[in-house]
Amino acid sequence: MATVREIFNFLDQKAPFRYQLDFDNAGFLVGRGARQVQRALVALDITPAVIDEAIALDCQLIVAHHPVIWDKLGQVTDETTTGQKVLTLVENGIAAICTHTNLDAVEEGVNTQLAQRIGLKETVPLETDGIDEVGRPYGIGRVGEVSAPIPLKDFAQQVKTVLDLEGIRVMDAGVPIHRVAVGGGACGSMLPQVKAMGCDTFLTSELKHDVYLEAQALGINLLDAGHYSTETVVCPALAAWLREAFPEVSVEITRRQREVFTYQ
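Residues numbered from 1 in each chain as written. Predicted model: local features only at pLDDT ≥ 70, side-chain atom pairs only at ≥ 80, totals over all residues. Heavy atoms only, no water.

Colleague: I tried to follow the overall build of the protein on my own but got confused; where do I start?
Modeller: Check the secondary structure of the protein and you find 10 helices and 13 strands. By the compact-globule yardstick of 18 Å for 264 residues, the protein fits well, its C-alpha radius of gyration being 19 Å. Dimensions of the protein along its principal axes, counting C-alpha atoms only, are 55 × 45 × 35 Å. When contacts within the protein are restricted to residue pairs at least 6 apart in sequence, those whose partners lie at least 24 apart make up 66%. As presented, the protein carries roughly 12,500 Å² of accessible surface, and 49% of it is formed by carbon and sulfur atoms. Here the protein contributes 22 positive and 35 negative side-chain charges, whose respective centroids are spaced 3 Å apart. (Helix = DSSP H or I, 4+ residues; strand = E, 2+ residues; numbered from the N terminus. Rg over C-alpha atoms; globule rule 2.2 N^0.38 Å. Contact = heavy atoms within 4.5 Å. Areas by Shrake-Rupley, 256 points an atom, 1.4 Å probe, with all protein chains shown as cover. Lys, Arg positive; Asp, Glu negative; His and termini not counted. Charge placed at Lys NZ, Arg CZ, Asp CG, Glu CD.)

Next comes the structure, spelled out in structure tokens:
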């Protein structure tokens, strides 16, 4: 039977934790490394609902994208939301491994999954931070091309369909879609890199007003598809990695997490 530490070591090979950005807190965050894992749950966030689901499924481990602990913990009590989650995990013997910006950066990670999901070809990193062990560049975001130029309206509808979106925010710069950059999560600050890579379109989330104005001036289409929807695409890939590496472990993808807002 695999242990939490063995699963962490495997994920460290697939998406090395040393690749995480300075602000991040990815890693083995809660639990005992020697704990044997029969069942694991994969999720984007470790929310109270996801923890309840893990308890109901008798899981010993949650593998998530976003860290369950972001900042330094001066105390672990039930008086904070983070403390409540950590206490519930510990009290139920559930470990937490969170693979965040390192998973954003690696080949086959968040941004590769997002680019493939929307049909981009010949993808390369939007920003190169280094070279991995097999000589491939890694970094946040991906750039690729659509199979044939397409109007923004049609491309937005395609994105809505494949990402199962209720709605999407669009800024039309008046150019057809050909070369597209994607940044899962909040990557609006990467607009200069999008321009430098010769992209006409940028798909990301949580865009600020000034980013829309700058993109309009630069002639770059913007699509804001939401943080959750641009990153949850990695959960099936994470689950597949774990199932292949640890066939004795039952791996489930959460059914209790979805976009937290709706369109009225």
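Colleague: Help me out: how do you make sense of the packing of aromatic side chains in this one?
Modeller: The description of an aromatic ring pair uses the distance of the two centres, along with the angle that the planes make with each other. A full pass over the atoms with the stated rule returns five aromatic pairs. When the centroid spacing of 6.4 Å and the interplanar angle of 40° are considered together, the rings of Phe 8 and Phe 28 count as tilted. A residue pair is termed long-range when its members are at least 10 positions apart, and Phe 8 in helix H1 (residues 4-14) and Phe 28 in strand E1 (residues 27-30) qualify at 20 residues. On the basis of relative accessibility, which here comes to 21%, the residue Phe 28 falls in the partly exposed class. Site record: aromatic cluster; members linked through ring pairs are Phe 8, Phe 17 and Phe 28. Residue placement shows Lys 14 over the ring face of Trp 241; its charged tip is 4.6 Å from the ring centre. (Phe/Tyr/Trp six-rings, centres within 6.5 Å; stacked < 30°, edge-to-face > 60°. Buried < 20%, exposed > 50% of the residue type's maximum accessible area, 1.4 Å probe, protein only. Lys NZ or Arg CZ within 6 Å of the ring centre and 35° of its normal.)

Colleague: Quick question: what am I supposed to make of the environment of Ile 140 here?
Modeller: Looking at the element boundaries, Ile 140 is found in the loop between strand E7 (137-138) and strand E8 (142-150). A sequence separation of 15 residues divides Ile 140 from Pro 125, and the C-alpha atoms of the two residues are 6.5 Å apart. Residues within four places of Ile 140 in sequence aside, it is in contact with Leu 21, Thr 101, Asp 104, Ala 105, Asn 111, Leu 126, Glu 127, Asp 129, Cys 187 and Met 190.

Colleague: Please explain the layout of surface pockets as it appears in this structure.
Modeller: A probe as big as a water molecule, rolled over the atoms, marks out the empty space that is left. Space inside the largest pocket adds up to approximately 400 Å³. Together, 23 residues line the largest pocket, and Leu 163, Asp 164, Tyr 228, Ser 229 and Thr 232 are the ones closest to its centre. If you list the elements that add at least two residues to the lining of the largest pocket, you get helix H9 (227-231) and helix H10 (234-245). Residues of the lining of the largest pocket, tallied by class, amount to 11 nonpolar, six polar and six charged. (1 Å grid on protein atoms, 1.4 Å probe; cavity = no way out; pocket = protein on both sides within 12 Å on 5 of 7 lines; lining within 4 Å. Points joined across faces, edges and corners; volume = space filled by probe spheres on them. Nonpolar A, V, L, I, M, F, W, Y, C, P; charged D, E, K, R; others polar.)

Colleague: Teacher, can you tell me more about unusual backbone geometry here?
Modeller: If a residue is not glycine, its phi is most likely negative; likewise, a peptide bond is most likely trans. Within the chain, Asp 58 stands out as a residue other than glycine whose phi angle is a positive 60°. Residue placement: Asp 58 occurs in the loop between helix H2 (48-56) and strand E3 (61-64). With relative accessibility at 44%, the residue Asp 58 sits in the partly exposed group. In this structure, Asp 164 is a non-glycine residue whose phi angle is positive, near 55°. Inspection of the secondary structure assignment puts Asp 164 in the loop between helix H6 (152-162) and strand E9 (169-171).

Colleague: Would you mind showing me how to read the sheet that holds E1 here?
Modeller: By way of backbone hydrogen bonds, the strands of a sheet pair with one another, either parallel or antiparallel. Read from one edge of the open sheet, five strands run E1-E4-E3-E2-E13, paired in mixed fashion. Strand pairing shows two members of the sheet lacking a second neighbour, E1 and strand E13 (250-253), which therefore form its edges. Strand-to-strand twist of the sheet, defined as the mean angle between neighbouring strand axes without regard to direction, takes the value 25°. (Pairing = 2+ DSSP bridges. Axes fitted to C-alpha atoms, helices over the stretch in contact; angles between N-to-C directions.)

Colleague: Quick question: what am I supposed to make of the packing of H1 against H10 here?
Modeller: For any two helices packed against each other, the geometry is given by the interaxial angle and the distance between the axes. Following both chains from N to C, one finds H1 and H10 inclined at 120°, their axes separated by 11 Å at the closest point. As judged from the angle between their axes, H1 and H10 are oblique. Crossing handedness for the pair H1 and H10: right-handed. For the pair H1 and H10, contact is made by Ile 7, Phe 10, Leu 11 and Lys 14 and by Leu 238, Trp 241, Leu 242 and Ala 245, respectively. When grouped by side-chain class, the residues that make up the contact of H1 with H10 number seven nonpolar, no polar and one charged. (Parallel < 35°, antiparallel > 145°, perpendicular 65-115°, else oblique. Left-handed = near helix turned anticlockwise from the far one by under 90°.)

Colleague: Sorry if this is basic, but what is going on with helix H3 (residues 81-91) here?
Modeller: Note: α-helices contain 3.6 residues per turn, so residues at a spacing of three or four share the same orientation. Among the residues of H3, Gly 83, Lys 85, Val 86 and Leu 89 are the ones counted as buried. Each buried residue of H3 lies within a common arc of 165° when the element is viewed along its axis, so the set occupies one face. When the buried face of H3 is taken as reference, the exposed residues oriented beyond 90 degrees from it are Thr 81 and Glu 91. Summarising the contacts, the buried residues of H3 are in contact with E1, H2, E3 and strand E4 (95-98). Of the residues flanking the end of H3, it is Gly 93, one or two places downstream, whose phi is positive at about 65°. (Arc of directions from axis to C-beta.)

Structural measurements only, silent on function.
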